[in-house]
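Notes for the structure review
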Amino acid sequence: TNVLFINGANLNLLGKREPHIYGSQSLDDINLHLQEQANKLNLVCHFFQSNSEGEIINRIHQAMGNTDYIVINPGAFTHTSVALRDALLGVNIPFIEVHLSNIHAREAFRHHSYLSDKAVAVLCGLGAYGYEAALSFIANKR
Ligand code: DQA
């Protein structure tokens, strides 16, 4: 089983960015831990982060035919990007949407996601554990 983790806008700043909301771990810390978990679960993982919507879309296209699951935290693109939704639907790869914070407990403009109604699951408010829970779900499912 091949899993692609995608993190979008501003998530390269994790650990430094509003740590009271997003936690103190860097994205590298989080991904290192996910890689360890994936090894135990016999899953193959790839990790991608970009602040550019187009690069994320291109990476999703590259996943077509070689990826069983996408775990995606699009950052603010969650609330803005029809193009990202279309890319995920276009490649027909099941995906899980993750947010570190509980987007429903925050500003109204974060309550809507262009992805959620098409996601297998949406995890929000669990911090970095959301990525791990997604991985564990995928391992148990396949
Ligand atoms: C986020 C929530 C988004 O609203 C925000 O724009 C982010 C991070 C989260 O992980 O909680 O950049 O996706």
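Residues numbered from 1 in each chain as written. Predicted model: local features only at pLDDT ≥ 70, side-chain atom pairs only at ≥ 80, totals over all residues.

For the chain, the count of helices and strands is five helices and five strands. Here the C-alpha radius of gyration of the chain, 14 Å, is about what a compact globule of 142 residues would show, namely 14 Å. Across its three principal directions, the C-alpha atoms of the chain cover 35 × 30 × 25 Å. Buried positions account for 35% of the 142 residues belonging to the chain. Once local pairs closer than 6 in sequence are excluded, the contacts in the chain between residues at least 24 apart make up 75%. (Helix = DSSP H or I, 4+ residues; strand = E, 2+ residues; numbered from the N terminus. Rg over C-alpha atoms; globule rule 2.2 N^0.38 Å. Buried ≥ 20, exposed ≤ 12 C-beta atoms within 10 Å, placed from the backbone. Contact = placed C-beta atoms within 7 Å.)

Below, the discussion takes up the packing of helix H3 (residues 53-62) against helix H4 (residues 82-91). Where H3 meets H4, the axes come as close as 9 Å, and the angle between the chain directions of the two elements is 5 degrees. The pairing of H3 with H4 is recorded here as roughly parallel in orientation. Within the contact between the two elements, H3 uses Glu53, Ile56, Ile57, Ile60 and His61 and H4 uses Ala83, Leu84, Ala87, Leu88 and Val91. For the contact of H3 with H4, a count of residues per class yields eight nonpolar, one polar and one charged. (Axes fitted to C-alpha atoms, helices over the stretch in contact; angles between N-to-C directions. Parallel < 35°, antiparallel > 145°, perpendicular 65-115°, else oblique. Nonpolar A, V, L, I, M, F, W, Y, C, P; charged D, E, K, R; others polar.)

What follows is about the site of the ligand. Taken together, Ala9, Asn10, Asn73, Gly75, Ala76, Thr78, His99, Leu100, Ser101, Ile103 and Arg110 make up the full set of residues adjacent to the ligand. For the shell around the ligand, the class distribution of residues is four nonpolar, six polar and one charged. (Near = placed C-beta within 6 Å.)

A few words on helix H5 (residues 129-141). With 13 residues, H5 should reach 18 Å at 1.5 Å per residue; the first-to-last C-alpha distance of 18 Å fits that figure. For H5, the full list of buried residues reads Gly130, Tyr131, Ala134, Leu135 and Ile138. The buried residues of H5 all sit within an arc of 140 degrees when viewed along its axis, so they share a single face. Residues of H5 that are buried sit in contact with strand E1 (2-7), helix H2 (27-41), strand E3 (69-73), strand E4 (95-99) and strand E5 (121-124). (Expected span 1.5 Å × (residues − 1). Arc of directions from axis to C-beta.)

Our focus in this paragraph is H4. Buried within H4 are the following residues: Leu84, Ala87 and Leu88. Looking straight down H4, one finds that the buried residues subtend no more than 95 degrees of arc, so they occupy a single side. Away from its buried face, by an angle of more than 90 degrees, H4 presents the exposed residues Val82 and Leu89. Positive backbone phi, at 55 degrees, marks Asn92, one or two positions downstream of H4.

Another aspect to go through is the sheet that holds strand E2 (residues 44-49). Spatial strand order, E2-E1-E3-E4-E5: five strands in an open sheet with parallel pairing. The open sheet has two edge strands, E2 and E5, and neither has a second partner. Pairs of neighbouring strands in the sheet enclose a mean axial angle of 15 degrees, with direction left out of account. Note that E1 and E2 share six bridges and pair parallel. (Pairing = 2+ DSSP bridges.)

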